[in-house]
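Each chain is listed here by its residues.
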Amino acid sequence: MIPPLMPTYNRSKLAFDRGEGCWLIAEDGARYLDFAAGIGVNALGHAHPGLVAALSEQAGRVWHTSNLYRIPQQERLGARLVDATFADTVFFTNSGTEAAELAIKMVRKYWADRDEERPVTLSFAGAFHGRSTGAIAMAGTEKLTAGFGPLMPGFTQLPFGDHDALEAAADARVAAIVVEPVQGEGGIRPLPTPCLRGLRALCDRIGALLIFDEIQCGMGRTGRLFAHESADVAPDIMLVAKGIGGGFPLGAVLATEAAAAPMVVGTHGSTYGGNPLACAVGNAAMDVLGDPDFLDAVGRKGGLLRQRLEGLVATHPDVFESVRGIGLMLGVKCRVPNRDVVAAAQAEGLLTAPGADNVVRLLPPLIVAEEEIAEAAARLDRAATAVARGAPG
Ligand SMILES: *Cc1c(COP(=O)(O)O)cnc(C)c1O
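Notes on the structure in this doc start here. (Residues numbered from 1 in each chain as written. Predicted model: local features only at pLDDT ≥ 70, side-chain atom pairs only at ≥ 80, totals over all residues. Heavy atoms only, no water.)

Some thoughts on unusual backbone geometry
Here's step 1: Note that the residue after Gly149, namely Pro150, is joined by a cis bond; omega there is -5°.
Here's step 2: When you line up the elements, Pro150 lands in the loop between helix H6 (142–145) and strand E6 (155–158).
Here's step 3: A positive phi angle, near 40°, is found at Lys242, a position not held by glycine.
Here's step 4: By the element assignment, Lys242 lies in the loop between strand E11 (237–240) and strand E12 (251–255).
Here's step 5: The backbone of Asp357 sits at a positive phi, close to 65°, despite the residue not being glycine. (Helix = DSSP H or I, 4+ residues; strand = E, 2+ residues; numbered from the N terminus.)

Describing the packing of aromatic side chains
The geometry of an aromatic ring pair is captured by two quantities: the separation of the ring centres and the angle between the planes.
Here's step 1: In total, this model carries two aromatic pairs according to the counting rule given.
Here's step 2: Judged by centre distance (5.8 Å) and plane angle (80°), the rings of Phe16 and Tyr32 are edge-to-face. Residue Phe16 is found in strand E1 (residues 16–20), and its partner Tyr32 is found in strand E3 (residues 31–34); the two are separated by 16 residues along the sequence.
Here's step 3: Exposure remark for Phe16: the relative accessible area of 33% places this residue in the partly exposed category.
Here's step 4: Ring geometry for Tyr110 and Trp111: centres 4.9 Å apart, planes at 80°, overall edge-to-face. When sorted by exposure, Tyr110 lands in the same class as Trp111, which is buried.
Here's step 5: Cation over ring: Arg114 sits above Tyr110, and NZ or CZ is 3.7 Å from the ring centre.
Here's step 6: One residue, Arg118, lies across the ring of Trp111, its end atom 4.1 Å from the ring centre. (Phe/Tyr/Trp six-rings, centres within 6.5 Å; stacked < 30°, edge-to-face > 60°. Buried < 20%, exposed > 50% of the residue type's maximum accessible area, 1.4 Å probe, protein only. Lys NZ or Arg CZ within 6 Å of the ring centre and 35° of its normal.)

Interpretation note: all reported values are geometric properties and have no functional meaning in isolation.
Here is the structure:
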């Protein structure tokens, strides 16, 4: 018999009663060090006082008004994101998938308004942009699309890191190129700086729009507010979600004036998108994540975690193969099934997330302390020993 919850998730048996910073406390009182952070969402950890205060304060005033009215919290957050980035304008959504959907519509409208036939948007193998019909078609990853045809037309997925395939596909039929500066679900695969710059140059040459999906790698995760900043290139459209709300559902599309100009009154909308609760929390998160000293610390702590993980690869060469990623967005490629490592780590009180390409993802809250990084490494060390002995979980 089908359970009351549609069984689309491979869930752990754990449920949590409360959280404190980087720790989650299970129903039975057991404490877990949370290096999954709700898949890179809880950027400020659990029960962050600034976020709790902002949410509670807003909850006592007004929750929701719809976008029929001005929303001052949304105006403030939008202006702050515009100030901090390449973007001239922002549209708020409830999730990353909805941001991807809007980007798809923006690309279509951009070329429709110019009366140009630009039938394809290019993506890359391993891409993930969400689970809606449009987002799975745009990513083109087989694991997401299998069984869900006919897919929305207008997308072509290219191999990852194949310059010849990209050159061959790059012509005046291309409406846009979409890429995660660091692939998340695809297994923590950073796009090298020359590739990010090359994509920008290519888009300029063929006149296509460049879309960065920074839903997982953005909002400070790599030690910059957005990952692409380190390559000194800017997209035309950027997708943001996850860390922006610190756990409250919030996403955004950031865009240049040119890319957004066709989106006039009536072309898009959302009942909840950017509502007062979400944007009150978003502003409180931005208070912390927008601070350059905080971002520097993320970079430093990322270096420390990486060093620890490399040590583990050296001690457990039969379990781990290599470390990759940037800042506090790190992945350990495994030689044993990654889900065995995730289960063994959970048994040691460390939460991690599996990723494609047999990777275990480490996405701790960005507030993580150095002692917690050392503790996580010690727990992962014990987990690797257990896995090597053939005793996962
Ligand atoms: C999580 C994620 C999405 C989808 O976001 P949802 O909030 O789950 O809809 C899209 N792109 C990337 C890169 C992601 O990591």
